[in-house]
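Read off the chains here:
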Amino acid sequence: MGTGMRRATIADVAREAGVSTSTASVVFSGKVNVADATREKVLAAAAALGYTGPDPRAASLRTGRSGIVGVVLAGELRHAFLDPVTTVMMDGLTDALASISTGILLLRDDPRDDEPPAIAEAPVDAVVLIGCSARAGELLEVVRQRGLPVVVIEGGAGIEVPQVTLDNREASATISRHVFQLGHRRVASITLPVDSARERVPLTAEREAVATVSVTLDRLAGFREVFPGAVAVTAGGSLVDEGYLVARMLLATDDGALHDDRPTAIIAQSDLLAVGAIRAAEELGLRVPDDLTVVGFDGIAADGLGSLELTTMAQPALEKGRAAGEQVTRMLGGEPGESVHFSCEFRAGETSAPPVH
């Protein structure tokens, strides 16, 4: 039976197989058991006609849903996926959404010029906001005005919005205490960005007062519990190159002369930043951990450390993404979403040691 250039329909398949349209439909829906012989006959007819399944556009018109969940990431997408934490978290999210055959639309958090944020008009059924976005609060309000189900991963959202949270402050304090107990007192922190400007500059009280990235502020608060007066410098993102550049600022002059009062330890807010700091130290002739202790945060499999194992706080990135997907699934099914909390685990490595006096 030919259909020319027209896309074959389920009715075409039913006629070809000699069954009713409803019987052919349930074969593809998988929601009702049918006899094996009938299923084989329908699938054979579908293969002959080149029919691969219901048109998702038609399904969207029937249900009023797009079958898409929007995920808002901070900054450039090409940079976001250089961070293994993001990729692992997205794996968990897609795993959890697979049960409802939902696709994912990746969106940036920053609008172009004076345009509204992309999430304001994106054809999505629900939204996942990543809390490391400097505009998380603004975007949350946009999503709530649209009446869409939303889950926030690590960001302030209020008690009425389901959140996937991490003990950022407690974990940062834990690894900072580790550095303190080793005997370090000249300590500096390389932080994640604090706002949409993503500047690579020392963090002043004024900048901190208007900061909008809760993950950065929580980890900074844990660091300050142990080292209240220590220097902190913001990086332009969770990137190895950013860690390298900030560490160079902390350790040496522009011409490579080591500062006499350089820190004996650097506490980085991500493992990628820590890797960059280690590269900078080695380039300047410093040995890690003999001359400089460097610790991170995330627990990723970081390249560029050679045989060294990084001292860090390991977070459950896969589980965080999966939890967000499970809550989206619940809400799209008509159930209320719930908040889920995770904790980090201290992982002793080979990049921390007592200072050389």
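Refer to the structure above for everything that follows.
All values reported here derive from a predicted model rather than from experimental measurement.

Engineer: I would appreciate a short explanation of the overall build of the chain in the present structure.
Structural biologist: A count of helical and extended segments in the chain gives 13 helices and 12 strands. Expressed as a percentage of the 357 residues in the chain, the buried residues total 49%. Sequence separation of 24 or more characterises 71% of the internal contacts of the chain that already satisfy a separation of 6 or more.

Engineer: Would you take a moment to explain the sheet that holds strand 1 (residues 68-73) for this structure?
Structural biologist: In any sheet, the strands associate via hydrogen bonds between backbone groups, in a parallel or an antiparallel arrangement. Across the sheet, which stays open at both edges, the 6 strands sit in the order 2-1-3-4-5-11 with parallel pairing between neighbours. Where the open sheet ends on each side, the last strands, each with one partner, are strand 2 (103-108) and strand 11 (340-342). Strand-to-strand, the axes of this sheet are offset by a mean angle of 15°, without reference to chain direction. Two elements, strand 1 and strand 2, share 6 bridges in a ladder whose sense is parallel. The residue bridging Gly70 from the neighbouring strand is Leu105, located in strand 2. In this fold helix 13 (residues 317-332) packs onto strand 1, strand 3 (126-130), strand 4 (150-153), strand 5 (163-166) and strand 11, with an angle of close to 165° to the strand it touches most, strand 4.

Engineer: Whenever I open this one, the sheet that holds strand 8 (residues 265-268) confuses me. Can you help?
Structural biologist: What the 4 strands build is an open sheet, ordered 7-6-8-9; its pairing is parallel. Each of the sheet's edge strands pairs with one partner strand only, and the pair in question is strand 7 (231-234) and strand 9 (293-295). Direction aside, neighbouring strands of the sheet carry axes that sit 20° apart on average. The pairing of strand 6 (residues 187-191) with strand 8 spans 4 bridges and is parallel.

Engineer: Can you walk me through unusual backbone geometry in this structure?
Structural biologist: In terms of backbone geometry, most residues other than glycine have negative phi values and most peptide bonds are trans. In the segment running from Val288 into Pro289, the intervening peptide bond is cis, with an omega of 10°. With respect to the helices and strands, Pro289 occurs in the loop between helix 12 (271-283) and strand 9. The backbone phi angle of Ser101 is positive, close to 50°, even though this residue is not glycine. Relative to the elements of secondary structure, Ser101 occurs in the loop between helix 6 (84-97) and strand 2. Classification of Ser101 as exposed rests on a relative accessible area of 65%. Look at Asp298: it is not a glycine, yet its phi comes out positive at around 145°. Examined against the element boundaries, Asp298 turns out to sit in the loop between strand 9 and strand 10 (312-314).

Engineer: Looking at this structure, how should I read helix 8 (residues 168-181)?
Structural biologist: Taking 1.5 Å per residue, 14 residues should reach 20 Å; helix 8 reaches 20 Å between its end C-alpha atoms and fits that length. Within the span of helix 8, buried status applies to Asn168, Ala171, Ser172, Ala173, Ile175, Ser176, His178 and Val179. Just past helix 8, the residue Gly183 takes up positive phi, approximately 110°.

Engineer: Would you mind going over the side chain of Thr312 with me for this structure?
Structural biologist: In this structure, Thr312 sits in strand 10. Residue Thr312 is classed as buried on the basis of its relative accessible area, which comes to 2%. In this view, Thr312 contacts Ile175, Asp271, Gly296, Phe297, Asp298, Gly299, Glu345, Phe346 and Arg347; residues no more than four positions away in its chain are not counted.

Scoring rules and cut-offs
- Residues numbered from 1 in each chain as written.
- Predicted model: local features only at pLDDT ≥ 70, side-chain atom pairs only at ≥ 80, totals over all residues.
- Heavy atoms only, no water.
- Helix = DSSP H or I, 4+ residues; strand = E, 2+ residues; numbered from the N terminus.
- Buried < 20%, exposed > 50% of the residue type's maximum accessible area, 1.4 Å probe, protein only.
- Contact = heavy atoms within 4.5 Å.
- Pairing = 2+ DSSP bridges.
- Axes fitted to C-alpha atoms, helices over the stretch in contact; angles between N-to-C directions.
- Expected span 1.5 Å × (residues − 1).

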